[in-house]
Number of protein chains: 2
Amino acid sequence: MLDLQELSLNIPDTAKPRVVIVGGGFGGTNLAKKLSDKYFQVVLFDRQNYHGFWPLLYQVATAGLEPDAIAEPLRKMFDEDYKDFHFRPVRVTHVDPATKMISTLVGDLSYDYLIIATGTKTNYFGNEQIKHFSFPLKRLPDALNLRSQLFQSFEQANMTKSESVRQSLLNIVIVGAGPTGVELAGSLAEMRKHVLPGDYPGMDFSRMNIYLVEGLERVLPPMSPKASRKTQENLEKLGIIIKLKTFVETYDGEVVTFKGGEQIQTRTLIWAAGVMGATIEGLPETTVEKGRYLVNEYNQIQGFADIFAIGDIALMKTEKYPKGHPGVAQPAIQQGIHLAKNLKRIQKGEVLKPFEYFDKGSLAIVGRSKAVADLPGNLHLSGFVAWVAWLFVHIYYLIGFRNKLVVLSNWIYRFFTYESGTRIIIRPFYRKEDKVAEEFMRKQAE
Amino acid sequence: MLDLQELSLNIPDTAKPRVVIVGGGFGGTNLAKKLSDKYFQVVLFDRQNYHGFWPLLYQVATAGLEPDAIAEPLRKMFDEDYKDFHFRPVRVTHVDPATKMISTLVGDLSYDYLIIATGTKTNYFGNEQIKHFSFPLKRLPDALNLRSQLFQSFEQANMTKSESVRQSLLNIVIVGAGPTGVELAGSLAEMRKHVLPGDYPGMDFSRMNIYLVEGLERVLPPMSPKASRKTQENLEKLGIIIKLKTFVETYDGEVVTFKGGEQIQTRTLIWAAGVMGATIEGLPETTVEKGRYLVNEYNQIQGFADIFAIGDIALMKTEKYPKGHPGVAQPAIQQGIHLAKNLKRIQKGEVLKPFEYFDKGSLAIVGRSKAVADLPGNLHLSGFVAWVAWLFVHIYYLIGFRNKLVVLSNWIYRFFTYESGTRIIIRPFYRKEDKVAEEFMRKQAE
């Protein structure tokens, strides 16, 4: 039987400086795309073999888009003009700055420049029970898993004799009112209004409750108060129950208990309450603050000239952004492109240029044809105009002709029909705790 | 914790005769669509919540199409004009003709007319080892599973130190040269030629072997000898190694042994060698022959006036088809539509009309732009013309505007670019035996 010992990285030796990039997100891919193989050998690591457009993940979870429409195979992105580019789908487990080596699951590799672009992962704030029972929405399998959970819950609600069980199946609790939570809530509300009554004529979906729970005092905390107000209005128009300044104490898979004691029966708790940096072992603890690597204006990790961090994992404190840049795609993209130029400058013995973030504004969608936008210069958009802006910005950034086409056709279709296309259960497994589901699936498969 | 006891079918009582349909395939859905709720209450059971266009399953396995492009939610197919239609995603476990009741995982239900349209499942001919280690290609999860397996094998082949391990990862063995096996082989050969060398510049894909193994003396046994000859020519042009009159003895996940002793090292054995009827417990054994229900010209199961079988699960022996109709979509579709009319005739006290199969011909695709077709009146097509015919027939039969659009755009795109779009690994689990994969995934997830 093949075992890990029989695998190795198989990276060809090179006379060129080797740039090792950990993470195939917006930062890592934009950096790699700009690194000419005339100057560098580029090695990219990612656990997944695809680059995803995660701002649309909630669309996959609510069956608006195919999973493949928002993801692009990394090898496809780099397959032609990148002669000395090497992708490996393995996890980087350790960094040794002294020997300039990284360790992976299948062997070690030396680097001349190391760029950490690992981004963030879901933060459960140490609550193992929540981690165990809740549904995260951070990666593609999460979205597929949640999609199955939602539609299986509706099917079960349609078949239960117990009113209380039905109610707990129809209560959806979303924790975290950031863009993910807000967009998911809006999308679920549209589904409740336009899709589900047609699918389940016998069921009363006025009993389906969508709770949006936020610890801070307003929705979309990262955006402007104006945008938050507009968004809350829109969410409430859609019938979403918003609970601000509310924290989750526990969740056992059936009942969520909030600090203060209030409880809600729900079989589906979606955890969008926070993320944390996905740091790598081996660098001094002093380089990490709040789970992010402290970097200077050149994205160099504190104390290192040849190790960089970009994107969400990098904490660059500037006058304008004392707490670092917002955790969205733009800083990662811009830092990736900027760092590519700086690495070239190092090779040419030129002085590095400091990174400056160009804020293109931020957008969030609420339901089918409403959105909010904060634009540079304190400009605010909302409603249909903002939605159209959102639509084009997102399609523009979607990677690959095919994806753009698929997504666009889906959008057009859905906009005119209210129809959400892909309500297909392809989850092959259930949470271990879900006895009924487990037994059910086992027997289905017999 | 919710358990099965708390679920029930919740089918409303009715004064109309109740038609219970088991299976949401071509037969079941076409029947249900034609049954007016003026005369009948219709209850449809299927384990999955979607109807699939399985002739294109191989496209999903080879990353040509999104899974959602070839499947349609059953509730979506029946959500508007079907007032007294009820879908339940549960398995029917037993039939009791005496009391006219069926049993399901979540309760019993009486029927006035029972239609068994359960189709077929993969037939391993009792070989548990093959069932355990091989990859079937019968349902959507199979295709996703195979897709992940293929691309994970390429990644592993790209990272192994051992030449023999690499070779076993690059040997793909397809057992069964029916349409599924042939179309899959052709599609893999196209991928080997046009996609993989770009994805894995370091790898020598002349070493990737695609074996197509068939027990009978020609490929595409169900089609005409002429089509078989043409197909074999095309397959050989594509560099596929064809082994006729060859039977698999054993497969342990690493080595396949054929009757006669020949062995091939392979990590991927695709089992497309046969199907068997998915019968339901409770009917007399005398009604079953070779795993199919013996039916008369009205699709009534031998000895019953109110129990019918249609599609692959029905064995209707006629002069023209002494062994029953071919196991393709057309007989199922035509029998479903025909039976709908007969059920109405029964209600109106009219005499039943016998079913007559109208053969529209059969098609199979080989690679990117070649196909073969047997048409009525001994007409044969092959090459590009047949491929175009194949293309339009399949798109025409694809269900739903959105799917047609997605599939069409994919086809156009792929035809002009050779690019196969969705090479994304979304398999959340591995075969238990696959130690390396298991360990690998566990560590990746850490």
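Residues numbered from 1 in each chain as written. Chains lettered and ligands numbered in written order. Predicted model: local features only at pLDDT ≥ 70, side-chain atom pairs only at ≥ 80, totals over all residues. Heavy atoms only, no water.

Caption draft 1: Geometry of helix α7 (residues 179-194) of chain A. Residue and element names in this part refer to chain A. Over its 16 residues, α7 runs 22 Å from end to end, which matches the ideal 22 Å to within 8%, given 1.5 Å per residue. Counting buried positions over the 16 residues of α7 gives 12, a clear majority of the element. Every buried residue belonging to α7 is among Gly181, Val182, Glu183, Leu184, Ala185, Gly186, Ser187, Leu188, Ala189, Glu190, Met191 and Arg192, and all of these are buried. (Helix = DSSP H or I, 4+ residues; strand = E, 2+ residues; numbered from the N terminus. Expected span 1.5 Å × (residues − 1). Buried < 20%, exposed > 50% of the residue type's maximum accessible area, 1.4 Å probe, protein only.)

Caption draft 2: Summary view of the packing of helix α5 (residues 140-157) of chain B against helix α6 (residues 163-170) of chain B. All names here are of chain B. The N-to-C vectors of α5 and α6 enclose an angle of 160°; their axes lie 9 Å apart at closest approach. Classed by the angle they form, the pair α5 and α6 counts as roughly antiparallel. For the pair α5 and α6, the crossing hand works out as left-handed. Side by side, α5 and α6 meet where Ser153, Phe154, Gln156 and Ala157 of the first sit next to Arg166, Leu169 and Leu170 of the second. Tallied by class, residues from the contact of α5 with α6 come to 4 nonpolar, 2 polar and 1 charged. (Axes fitted to C-alpha atoms, helices over the stretch in contact; angles between N-to-C directions. Parallel < 35°, antiparallel > 145°, perpendicular 65-115°, else oblique. Left-handed = near helix turned anticlockwise from the far one by under 90°. Contact = heavy atoms within 4.5 Å. Nonpolar A, V, L, I, M, F, W, Y, C, P; charged D, E, K, R; others polar.)

Caption draft 3: Focus on the pattern of salt bridges. All names here are of chain A. Enumeration over the complete set of coordinates arrives at 18 salt bridges over all chains. Among the salt bridges present, the one from glutamate 163 reaches arginine 207, with a minimum N-O distance of 2.4 Å. Pair noted here: glutamate 163 is in helix α6 (residues 163-170) and arginine 207 is in the loop between α8 (196-199) and β13 (209-213), with a separation of 44 residues, a long-range link. Residue glutamate 163 is classed as partly exposed on the basis of its relative accessible area, which comes to 42%. With a relative accessible area of 25%, arginine 207 lands in the partly exposed category. Each of Glu163, Arg166 and Arg207 takes part in one network of salt bridges that share partners. (Salt bridge = Lys/Arg side-chain N within 4 Å of Asp/Glu carboxyl O.)

Caption draft 4: Geometry of the sheet that holds strand β18 (residues 268-271) of chain B. All names here are of chain B. In space, the 5 strands of this open sheet follow the order β11-β18-β12-β13-β14, with parallel pairing throughout. Across the chains shown, the open sheet's two edge strands, defined by having one partner strand only, are β11 (135-136) and β14 (241-243). Inspection of the sheet shows strand β12 (residues 171-175) paired to β18 by 4 bridges, in the parallel sense. Looking at β18, one finds that valine 175 is bridged to tryptophan 271. Across the sheet, α5 lies against β11, β12 and β18, angled at about 155° from β18, the strand it touches most. (Pairing = 2+ DSSP bridges.)

Caption draft 5: Representation of the packing of helix α1 (residues 26-34) of chain A against helix α10 (residues 329-347) of chain A in the model. Residues and elements named next belong to chain A. It is the contact of α1 with α10, at a shortest axis distance of 7 Å, that shows an interaxial angle of 30°. Looking at the two axes, α1 sits roughly parallel to α10. Like other packed secondary-structure pairs, α1 and α10 cross with a definite hand, here right-handed. Where α1 approaches α10, its residues Phe26, Gly27, Asn30, Leu31 and Lys34 are matched on the opposing element by Ala329, Ala332, Ile333, Gly336, Ile337, Leu339, Ala340 and Leu343. The residue inventory of the contact of α1 with α10, partitioned by class, reads 9 nonpolar, 3 polar and 1 charged.

Caption draft 6: Local environment of the confidence of the model for chain A. Residue and element names in this part refer to chain A. Of the residues in chain A, 87% reach a pLDDT of 70 or more, and the chain-wide mean stands at 87. Counting contacts from residues 426-434, a segment whose pLDDT is below 50, to residues more than four positions away or on other chains yields 27 contacts. Both scores are given for the predicted complex: the pTM is 0.89, the ipTM 0.86. (pLDDT = per-residue confidence, 0-100.)

Caption draft 7: A look at unusual backbone geometry. Residues and elements named next belong to chain A. In this structure, lysine 290 takes a positive phi of about 50° despite not being glycine. Looking at where lysine 290 falls in the secondary structure, it is placed in the loop between β20 (288-289) and β21 (292-294). Judged by relative accessible area, which is 77%, lysine 290 ranks as exposed.

Caption draft 8: Looking closely at the UniProt feature "domain: FAD/NAD(P)-binding" (unreviewed entry) in chain A. UniProt tags residues 18-336 of chain A as "domain: FAD/NAD(P)-binding" (unreviewed entry). Helix makes up 29% of residues 18-336 of chain A and strand makes up 26%, while its end C-alpha atoms are separated by 16 Å. (UniProt positions renumbered as here; feature names shortened; annotations may be inferred.)

Caption draft 9: Structural view of a positive patch on the surface. All names here are of chain A. A cluster of basic residues, Lys33, Lys34, Lys341 and Lys353, forms a positive patch on the protein surface. Its location among the elements puts lysine 341 in helix α10. You can call lysine 341 partly exposed: its relative accessible area is 46%. (Patch = residues over 30% accessible without salt bridge, like charges linked within 9 Å, V, L, I, M, F, W, Y side chains within 5 Å. Areas by Shrake-Rupley, 256 points an atom, 1.4 Å probe, with all protein chains shown as cover. Lys, Arg positive; Asp, Glu negative; His and termini not counted. Charge placed at Lys NZ, Arg CZ, Asp CG, Glu CD.)

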